[in-house]
Amino acid sequence: MEPLASELNQPKSKLESASTLIKRFSAGATIGLIIAAIQWGNYTHCFDAIPLTRGIMFCLGLTIICGLMTLKWGYKTLESLLQLLG
């Protein structure tokens, strides 16, 4: 049974759209947090230790930036960020 043309043209509900955006931002923020933690660990291993408050601010900043990038440009951004890490 095929859907009617009127059913195909109906816009998505705002609830579905909001949940999709939240999931996309969360995925980007998680990758950003992982990247920040790896970079913080590498810097601490090679150089002097970063103060805790600066390290936390760096991690939060990178987390938000990666989340917003993923929110705007999609999941391909995550793939690009992970390729740059490796």
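Here, the structure is the one placed above.
Keep in mind that this is a model prediction, so the values were computed, not measured. (Residues numbered from 1 in each chain as written. Predicted model: local features only at pLDDT ≥ 70, side-chain atom pairs only at ≥ 80, totals over all residues. Heavy atoms only, no water.)

1. Considering the overall build of the chain
Moving on, step 1. Within the chain one finds four helices and zero strands.
Moving on, step 2. When the helices and strands of the chain are placed in sequence order, the string is α-α-α-α.
Moving on, step 3. Counting over 86 residues, the chain shows a buried share of 19%.
Moving on, step 4. Here the contacts in the chain between residues at least 6 apart in sequence split such that 70% fall between residues at least 24 apart.
Moving on, step 5. Total accessible area on the chain is roughly 6900 Å²; 67% of this is exposed by carbon and sulfur atoms. (Helix = DSSP H or I, 4+ residues; strand = E, 2+ residues; numbered from the N terminus. Buried < 20%, exposed > 50% of the residue type's maximum accessible area, 1.4 Å probe, protein only. Contact = heavy atoms within 4.5 Å. Areas by Shrake-Rupley, 256 points an atom, 1.4 Å probe, with all protein chains shown as cover.)

2. Overview of the pattern of salt bridges
Moving on, step 1. Taken as a whole and judged by the stated rule, the model has one salt bridge.
Moving on, step 2. Across the pair Glu-79 and Lys-76 runs a salt bridge whose closest N-O atoms are separated by 3.8 Å. Of this pair, Glu-79 and Lys-76 both sit in helix α4 (residues 76-85), three residues apart, which is roughly one turn of the helix.
Moving on, step 3. A relative accessible area of 41% places Glu-79 in the partly exposed class.
Moving on, step 4. Under the relative-accessibility criterion, Lys-76 is labelled exposed at 60%. (Salt bridge = Lys/Arg side-chain N within 4 Å of Asp/Glu carboxyl O.)

3. Observations concerning the environment of Ile-22
Moving on, step 1. Secondary-structure assignment places Ile-22 in helix α2 (residues 14-46).
Moving on, step 2. Residue Ile-22 is classed as exposed on the basis of its relative accessible area of 56%.
Moving on, step 3. Spatially, the C-alpha atom of Ile-22 lies 8.3 Å from that of Leu-71, the residues being 49 residues apart in sequence.

4. Some thoughts on helix α3 (residues 52-73)
Moving on, step 1. Along its 22 residues, α3 runs 31 Å from first to last C-alpha, staying within 8% of the 32 Å computed at 1.5 Å per residue.
Moving on, step 2. Gly-55, Cys-59, Thr-63, Cys-66, Gly-67 and Thr-70 are the residues of α3 that are buried. Along α3, the residues classed as buried sweep out an arc of 100° about the axis, all on the same side. Residues Thr-53, Arg-54, Met-57, Lys-72 and Trp-73 are exposed on α3 and point more than 90 degrees away from its buried face.
Moving on, step 3. Of the residues trailing α3, Gly-74 is marked for its positive phi of about 95°. (Expected span 1.5 Å × (residues − 1). Arc of directions from axis to C-beta.)

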